[in-house]
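This is what each chain is made of:
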Amino acid sequence: MKQTEFLNIVLPFKDKLYRLAKRLLVSTEEAEDATQEILIKLWSKKNKMESYNNVEAFAMTMTKNFCLDRLKSKQAGNLKLVHSNYTDASTSLQSELEAKDSINWVERIMAELPEQQKMVLQLRDVEQYEYEEIEKLLDMKPTAIRVALSRARKTVREKLMEKHNYGIA
């Protein structure tokens, strides 16, 4: 496999790898390093790549495992979600500040979720993966995915409502 063929396969989902790494690791730099490591590993497996049914799912699984290994090795600290693609030029300053505040609260709440719920919520609601893809990536049964997603959404919703209703009696 030549470099151009490899890039044609890998480039369409490179950003997804980065976002997953960013979700699991502390900083932008660590997420970039993790993504780079995965791309290097994929390049070293380029001759076997055609035998994989879904290269993207394989790469996402590699990314997840690599990031979890980094976290286990104590080389990383807190987890953080940055929702940087939220912009709307027509909103007022007040609305913009409220939206950013809500996003920050969601980040904090998601950071407190159990690992499995955090992964399922990230893949389904942020990355827009289908249930079948999440099933393969996380090696979970469909029922377990739906339960984890439901619990994660419920926790985020309740804690966000609790925050917004604070002081209102």
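Above this note sits the structure.
Predicted model only: the values in this text are computed from it and were never measured.

Rules used in this analysis
- Residues numbered from 1 in each chain as written.
- Predicted model: local features only at pLDDT ≥ 70, side-chain atom pairs only at ≥ 80, totals over all residues.
- Heavy atoms only, no water.
- Phe/Tyr/Trp six-rings, centres within 6.5 Å; stacked < 30°, edge-to-face > 60°.
- Helix = DSSP H or I, 4+ residues; strand = E, 2+ residues; numbered from the N terminus.
- Buried < 20%, exposed > 50% of the residue type's maximum accessible area, 1.4 Å probe, protein only.
- Lys NZ or Arg CZ within 6 Å of the ring centre and 35° of its normal.
- Axes fitted to C-alpha atoms, helices over the stretch in contact; angles between N-to-C directions.
- Parallel < 35°, antiparallel > 145°, perpendicular 65-115°, else oblique.
- Contact = heavy atoms within 4.5 Å.
- Nonpolar A, V, L, I, M, F, W, Y, C, P; charged D, E, K, R; others polar.

A. Examining the packing of aromatic side chains more closely. For the structure shown, the criterion picks out two aromatic pairs. Judged by centre distance (5.0 Å) and plane angle (80 degrees), the ring pair of F6 and W43 falls under edge-to-face. In this pair, F6 sits in helix 1 (residues 3–24) while W43 sits in helix 2 (residues 28–44), placing the two residues 37 residues apart along the sequence. Taking relative accessible area as the criterion, F6 reaches 6% and is therefore assigned buried. Their ring planes at 20 degrees and their centres at 4.1 Å tell us that Y52 and F58 sit as a pair that is stacked. A relative accessible area of 25% means that Y52 is categorised as partly exposed. If you follow K46 out to its NZ or CZ, it ends over the ring of W43, 4.1 Å from the centre.

B. Inspection of the packing of helix 6 (residues 131–138) against helix 7 (residues 142–164) at higher detail. Packing of helix 6 against helix 7 brings their axes to within 10 Å, and their N-to-C directions diverge by 100 degrees. As the angle between them shows, helix 6 and helix 7 are arranged roughly perpendicular. Across the interface between the two elements, Y131, I134 and E135 from helix 6 touch P142, I145, R146 and L149 from helix 7. The class makeup of the residues in the contact of helix 6 with helix 7 is five nonpolar, no polar and two charged.

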